Amino acid sequence: IGYAVASPYVEGETPVSLMVISEIEAGKSLMLSKFNSVESVIYQTDFTRYGLLHEWLPALRTRKKRTLIVPDIVALMESKSQTGKAALLGFLTSLTEEGVVNIDTYGTSVHLDSPLRCNIIVAAPSVVVKDKRRWSAWQGIGFVSRLLPITYRYNHEAVAKIVKYITRREYSAESPALLSLTD
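Residues numbered from 1 in each chain as written. Predicted model: local features only at pLDDT ≥ 70, side-chain atom pairs only at ≥ 80, totals over all residues. Heavy atoms only, no water.

A. Structural view of the packing of aromatic side chains. One pass over the structure, following the stated rule, counts 3 aromatic pairs. On the numbers, 6.3 Å between centres and 50° between planes, the contact of Trp135 with Trp138 is tilted. Taken as a pair, Trp135 and Trp138 lie in helix H7 (residues 132-140) at a separation of 3 residues, close to a single helical turn. With a relative accessible area of 17%, Trp135 lands in the buried category. Looking at Trp138, the relative accessible area reads 4%, which means it is buried. Where Trp138 meets Phe143, the ring centres are 5.7 Å apart and the plane angle is 80°; that geometry is what we call edge-to-face. As far as burial versus exposure is concerned, Trp138 and Phe143 are alike and both buried. Linked through ring pairs, Trp135, Trp138 and Phe143 together constitute an aromatic cluster. Its end group placed over the ring of Tyr9, Arg66 keeps NZ or CZ at 4.0 Å from the ring centre. (Phe/Tyr/Trp six-rings, centres within 6.5 Å; stacked < 30°, edge-to-face > 60°. Helix = DSSP H or I, 4+ residues; strand = E, 2+ residues; numbered from the N terminus. Buried < 20%, exposed > 50% of the residue type's maximum accessible area, 1.4 Å probe, protein only. Lys NZ or Arg CZ within 6 Å of the ring centre and 35° of its normal.)

As structure tokens, then:
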């Protein structure tokens, strides 16, 4: 994840976008939240295309913000209408590769001189990959093909250690990820 957050700083290369896939309650969101304090990261749990552009366009234009992290892509999508889902997924798909140049819709008008790009890192439960309807829709617009899938699973011993770690609240002593990124 740290390498993906650093990837927009590699000149002449397309930044790496990720989809972190694991079982429900496997710590995906907690893992991603470690990067919330990195200066170049936008960490959002819920937003619309309009909201993201309205709030973050200046920082994305100046490249002060270069990575968008969404700790639960399913929760984000389920909070939207069908039209809202399609618009947001299309926007995120464009943002990761070819870039966003012009948007003219009701309530949103953006015209840029050069394509606006950023990488995205999202987390999804593994049941999403098994949900043929949803996964096919995401594949159909090219969303998942732009994301490097990262999967993991815990064995029973690891699960026992994690439960002990949580019940003892040992996670409260953890510190955020520290990345010093410059051009």
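B. Spatial organisation of the environment of Val144. Residue position: Val144 is located in the loop between H7 and strand E7 (148-151). Note: C-alpha distance between Val144 and Met19 (125 residues apart in sequence) is 7.9 Å. Aside from chain neighbours lying at most four places away, what touches Val144 is Met19, Trp135, Trp138 and Gln139. (Contact = heavy atoms within 4.5 Å.)

C. Structural detail: the sheet that holds strand E2 (residues 41-43). As summarised here, the arrangement of the 5 strands in space is E2-E3-E6-E1-E7, forming an open sheet in which the pairing is parallel. The open sheet terminates on both sides in strands that have one partner only, identified here as E2 and E7. Here the average twist between neighbouring strands, direction ignored, is 20°. As defined by bridge partners, E2 adjoins strand E3 (residues 67-70) across 3 bridges and the pair is classed as parallel. (Pairing = 2+ DSSP bridges. Axes fitted to C-alpha atoms, helices over the stretch in contact; angles between N-to-C directions.)

D. How the structure looks around the pattern of salt bridges. On inspection of all chains with the given rule, the structure shows 9 salt bridges. In this structure, Asp46 and Lys80 form a salt bridge, with 2.5 Å as the shortest nitrogen-oxygen distance. Placement of the pair is Asp46 in the loop between E2 and helix H3 (49-61) and Lys80 in the loop between helix H4 (73-78) and helix H5 (82-96), with a sequence separation of 34 residues. A relative accessible area of 43% means that Asp46 is categorised as partly exposed. Take Lys80: its relative accessible area is 14%, and that puts it in the buried class. Here the residues in one salt-bridge network are Glu78, Asp131, Arg133 and Arg134, joined through shared partners. (Salt bridge = Lys/Arg side-chain N within 4 Å of Asp/Glu carboxyl O.)

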